[in-house]
Amino acid sequence: MNGLSVSELCCLFCCPPCPSRIAAKLAFLPPESTYTIVPELDPGPGGGGSAAAILHGGAGAPGHWKLHLTDRADFQYTQRELDTMEVFLTKSNRGNRISCMYVRCVPGARFTVLFSHGNAVDLGQMSSFYIGLGTRINCNIFSYDYSGYGVSTGKPTEKNLYADIDAAWQALRTRYGISPENIILYGQSIGTVPTVDLASRYECAAVVLHSPLTSGMRVAFPDTKKTYCFDAFPNIEKVAKITSPVLIIHGTEDEVIDFSHGLALYERCPKAVEPLWVEGAGHNDIELYSQYLERLRRFISQELTSQRN
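If you look the chain up in an unreviewed UniProt entry, it shows as palmitoyl-protein hydrolase from Ornithorhynchus anatinus. What UniProt states about the chain under its Sequence similarities (unreviewed entry) heading is, verbatim, "Belongs to the AB hydrolase superfamily. ABHD17 family." Its UniProt record, at the heading Catalytic activity (unreviewed entry), says of the chain: "S-hexadecanoyl-L-cysteinyl-[protein] + H2O = L-cysteinyl-[protein] + hexadecanoate + H(+)".

Now the structure itself:
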C-alpha cells in the first residue's frame, strides 16, 4: 500500500470517492509477471485437444500446463520441488482467467492452505515461499493471482478480488475434491480483503489474517472511526460474520498498515484465537521471526486438531 499525495488527498475530499477509486490508489501494484503458463496438449489417438479448448476448460477441466519461471521469480529450490507444483487457469464469474497454483508440499496432508498473497508480487515470486511454508507447517498450499497480476487477465479491482477468490475456492474444491473443513484461508496484507470476504460467506477449517487492514479509508485516513458507504475493503464490517477460528498476526512496527488495524479486527472478531503480535516487526518481515512459524504450527497441529476431535 502506498501513501497518498497532498493533491490526491484533496481530490478525495473534494470529489465523492468511490470504492474502486480508493482501491486503485491504495492497493494495487501488480508487478511485471515473473512466470508464464504454457498448455501441454495430450497427444491422444485424435491428436489431443486444442490449446483454446484447454484454455477455456474451466475449473473442472483437467488440462495440463507447464510453469516457466523467469530469473526475477528468484526460485530457491530444485527441479524436484518445481515438479510438485501444478498450475492451471480457471475463469471467474466476472469473465477473467485466473492463474492458480497447487503446491503438493506434504503427501497426505490434512489441510490445504488457500493463500491470498500481498501486493506487488505474483505466483512466480511466491512459489519458493509456498514450498518452504507448506513443508514447515505440514500443509499443501493452493494460491492464485488476482486479476491483472501474473498471467491472470483483467484489471485489479475490489469486485474482481472477490470474484477471483471465489474462482480459486471453487477450483480447489472441484478440481482437487478438497472439502471446506480441510481448507485454511490465509490472507496477507491486501490478500486479507478477499480472505475475509470469503470467510464471511463460507465456513472452513480456519482463517489466518497476516498484517490485515480494517478498511481502505482507515489506511488512508487513520483517524477514520466509521465505515462510509464509499469505503473500500471493509474488513472491519465483515470479520464479525466469520464462523471459523481466526488467527490474526501483525507486527507492532508495521509502517504500511498500522498495528492498530490488527488490534481492531481482533476485538471485532468473535471467533478470534490467541493472536500473534510480533514485537518490532514491520509489514514485510514477520516471516523472519521464529514465533511466526511456531504460532502457525501450534494453531494448525494442536488447536485445530483438538477442536475437531
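Moving on from the coordinates now.
Of note, Asn 160 is situated in helix H6 (residues 158–176). The buried category is assigned to Asn 160, whose relative accessible area is 6%. Dropping the residues within four chain positions of it, Asn 160 is found in contact with Arg 94, Asn 96, Ser 147 and Lys 155.

Our next topic: the side chain of Asp 122. Its place among the elements puts Asp 122 in the loop between strand E5 (112–116) and helix H5 (123–137). No salt bridge is formed by the buried Asp 122; the nearest opposite charge belongs to Arg 72, separated by 6.2 Å. Apart from the residues lying within four places of it in its own chain, the contact partners of Asp 122 are Pro 31, Glu 32, Ser 33, Thr 34, Tyr 35, His 117, Asp 145 and Gly 150.

Of all 7 residues in strand E4 (residues 97–103), 6 are buried; the element is thus mostly enclosed. Strand direction decides the pairing type here: strand E3 (residues 85–91) and E4, joined by 7 bridges, are antiparallel. Paired with Lys 91 across the strands is Arg 97, a residue of E4. Linking E3 back to E4 in an antiparallel pair, the connection comprises 5 residues, with Gly 95 at a positive phi of about 90°. Summarising the sheet, E4 and strand E6 (residues 140–144) pair through 4 bridges and their orientation is antiparallel. Residue pairing in the sheet places Tyr 102 in a bridge with Phe 142 of E6.

Using the criterion set out here, one finds 10 salt bridges in the structure. Where Arg 295 meets Glu 303, a salt bridge forms, and the shortest distance between an N and an O atom there is 2.9 Å. Overall, the relative accessible area of 3% leaves Arg 295 in the buried class. One network of salt bridges, with partners in common, ties together Asp 166, Asp 197, Arg 201 and Lys 238.

A few words now on the packing of aromatic side chains. The geometry of an aromatic ring pair is captured by two quantities: the separation of the ring centres and the angle between the planes. One pass over the structure, following the stated rule, counts 16 aromatic pairs. With 6.2 Å between their ring centres and 50° between their planes, Tyr 102 and Phe 142 make a pair best called tilted. Here Tyr 102 is found in strand E4, whereas its partner Phe 142 is found in strand E6, with 40 residues between them in sequence. On the basis of relative accessibility, which here comes to 4%, the residue Tyr 102 falls in the buried class. Aromatic pair Phe 129 and Tyr 130: ring centres 6.3 Å apart, planes at 55°, arrangement tilted. On the basis of relative accessible area, Phe 129 is assigned to the partly exposed category, the value being 23%. Within the aromatic cluster, the residues linked to one another by ring pairs are Phe 88, Tyr 102, Phe 142 and Tyr 176. For the cation-ring pair, Arg 175 lies above Phe 88, with the distance from its terminal atom to the ring centre recorded as 3.8 Å.

Rules of the game
Residues numbered from 1 in each chain as written. Predicted model: local features only at pLDDT ≥ 70, side-chain atom pairs only at ≥ 80, totals over all residues. Heavy atoms only, no water. UniProt positions renumbered as here; feature names shortened; annotations may be inferred. Helix = DSSP H or I, 4+ residues; strand = E, 2+ residues; numbered from the N terminus. Buried < 20%, exposed > 50% of the residue type's maximum accessible area, 1.4 Å probe, protein only. Contact = heavy atoms within 4.5 Å. Lys, Arg positive; Asp, Glu negative; His and termini not counted. Salt bridge = Lys/Arg side-chain N within 4 Å of Asp/Glu carboxyl O. Pairing = 2+ DSSP bridges. Phe/Tyr/Trp six-rings, centres within 6.5 Å; stacked < 30°, edge-to-face > 60°. Lys NZ or Arg CZ within 6 Å of the ring centre and 35° of its normal.

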